[in-house]
Amino acid sequence: MKEKLYTIPIQDAFAQDCECPVCAMYQKLEDNAIHYTIGPGASYMEEDIRAQTDEQGFCQKHLKDLYAYPNKIGLAMMLKTHMDKTIKELEKAAEAPLPGPNSMFKKNAKPSSPVIDFIEKQEKKCFVCGYITQTFESYMMTIFYLYEREEDFRQQFAQSKGFCTSHYKSLFCLAPKYLNKKYLEPFLRKLNEIYLENFKRVRDDVEWFICKNDYRYQEEPWKNARDSLQRALTKTGSIIVQEEG
Ligand SMILES: [Zn+2]
Ligand SMILES: [Zn+2]
C-alpha cells in the first residue's frame, strides 16, 4: 500500500490490534494535544495561544489530563489567566437585571440571564478539544480517501475488528459526504457488517467473563474473556484502557 505522510496515522491505526482504530487515532491525537498544550514547548507562554486558553478553558476530561501531566506550574499559569478572564466576563454579566420568579405556566422555564448564557457557552469550549478536532476531521477524510483508492486498505478495513458505537456513527454519517457513488454502498454494507459482527464477538466475550466468575465454570478455559471488560469499554464508550502493571 502506498504511504503518504498524511495517510500514515490512519494506516498505523488500522494495523493495530484494537477494538476501534478510530479510537486509536483519536487517542494518539489527544496525547499530542496535551503534550502541545502543557509540554516542554511551553506553547502557553505564547501570547496568541494563551489568549485562546484564557478564552476557551478546558473540559473536565482534559483538565484531568493536564493535571496528570508533570507540569503543575504551567497548568497554574494557564488557569490563573483563564480565571481572570472568567471573573471579568461574569462580573459584567452579573450586572444585568436579575431574573424574577417563574410564572405559574412556565414553572420549568430556564431563566434568561447573561450569567447563564456565558457559562453555557463556556461549557462547550475546550482548547484541547478544539486542537484535536481540526486534525481529527482530516483523519476521517483520509479514511475515505484511502478506501476509494487502495484495494489493500479496503481489505484491511474489512478485516478490522470493527469500531466503537460512536465512531461507527461518525463513519456512517460522513460516508455519503466523502465517498463516490461506486464505493458508498459497499462501504456502508461492510461497515454495518463489521460493526455488528465484532460488537457481538465482544458481547460474547463479556458473557463468558460473567460465566467464569461462577464456580460452575471454574475449570473451563478463559478463552478470550480475560480482557473482555476493557474491550467492552472501548466498544460502548470509546475508552481505551491502558494496560495495568
Ligand atoms: Zn472508537
Ligand atoms: Zn476537552
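Conventions we followed
Residues numbered from 1 in each chain as written. Chains lettered and ligands numbered in written order. Predicted model: local features only at pLDDT ≥ 70, side-chain atom pairs only at ≥ 80, totals over all residues. Heavy atoms only, no water. Axes fitted to C-alpha atoms, helices over the stretch in contact; angles between N-to-C directions. Helix = DSSP H or I, 4+ residues; strand = E, 2+ residues; numbered from the N terminus. Left-handed = near helix turned anticlockwise from the far one by under 90°. Contact = heavy atoms within 4.5 Å. Nonpolar A, V, L, I, M, F, W, Y, C, P; charged D, E, K, R; others polar. Donors = N, O, S within 2.8 Å, 3.2 Å for Na, K, Ca; no water. Buried < 20%, exposed > 50% of the residue type's maximum accessible area, 1.4 Å probe, protein only. Core = buried A, V, L, I, M, F, W, Y, C linked by side-chain atoms within 4.5 Å.

### Looking at the packing of helix H2 (residues 21–38) against helix H7 (residues 127–149)
Packing of H2 against H7 leaves a shortest axis separation of 9 Å and a crossing angle of 145 degrees. Between H2 and H7 lies a crossing whose hand is right-handed. Where H2 approaches H7, its residues Val22, Met25, Tyr26, Leu29, Glu30, Ala33, Ile34, Tyr36 and Thr37 are matched on the opposing element by Phe127, Val128, Tyr131, Ile132, Thr135, Phe136, Tyr139, Met140 and Ile143. Residues of the contact of H2 with H7, tallied by class, amount to 15 nonpolar, two polar and one charged.

### Details of the coordination of the zinc ion (ligand 2)
Only Cys59 (SG), His62 (ND1), Cys126 (SG) and Cys129 (SG) from the protein reach the zinc ion (ligand 2) as donors, at distances of 2.0 to 2.3 Å. Look at where the donors of the zinc ion (ligand 2) fall in the sequence and you get C-x2-H-x63-C-x2-C.

### Looking at the environment of Leu179
Within the element layout of this structure, Leu179 appears in the loop between helix H9 (165–178) and helix H10 (181–212). Leu179 gets classed as buried once you look at its relative accessible area, which sits at 7%. Residues Leu179 and Ala96 lie 83 residues apart in sequence; the distance between their C-alpha atoms is 50 Å. Those residues in contact with Leu179, other than ones at most four positions away along the chain, are Phe144, Tyr147, Glu148, Leu184 and Phe187.

### Structural notes on the nonpolar core
Judged by nonpolar contacts, the single largest core of 45 residues is most densely connected at Val22, Met25, Ile143, Phe163, Leu171 and Phe187. Of all the elements in the fold, those that place two or more residues in this core are helix H1 (8–15), H2, helix H5 (72–93), H7, helix H8 (151–158), H9 and H10. When residues of this core are assigned to their parent elements, the largest contribution, ten residues, is made by H7. Residues in contact with Phe163, not counting those within four places in the same chain, are Phe14, Glu19, Cys20, Pro21, Val22, Phe157, Tyr168, Leu171, Leu191, Ile194, Tyr195 and Lys235.

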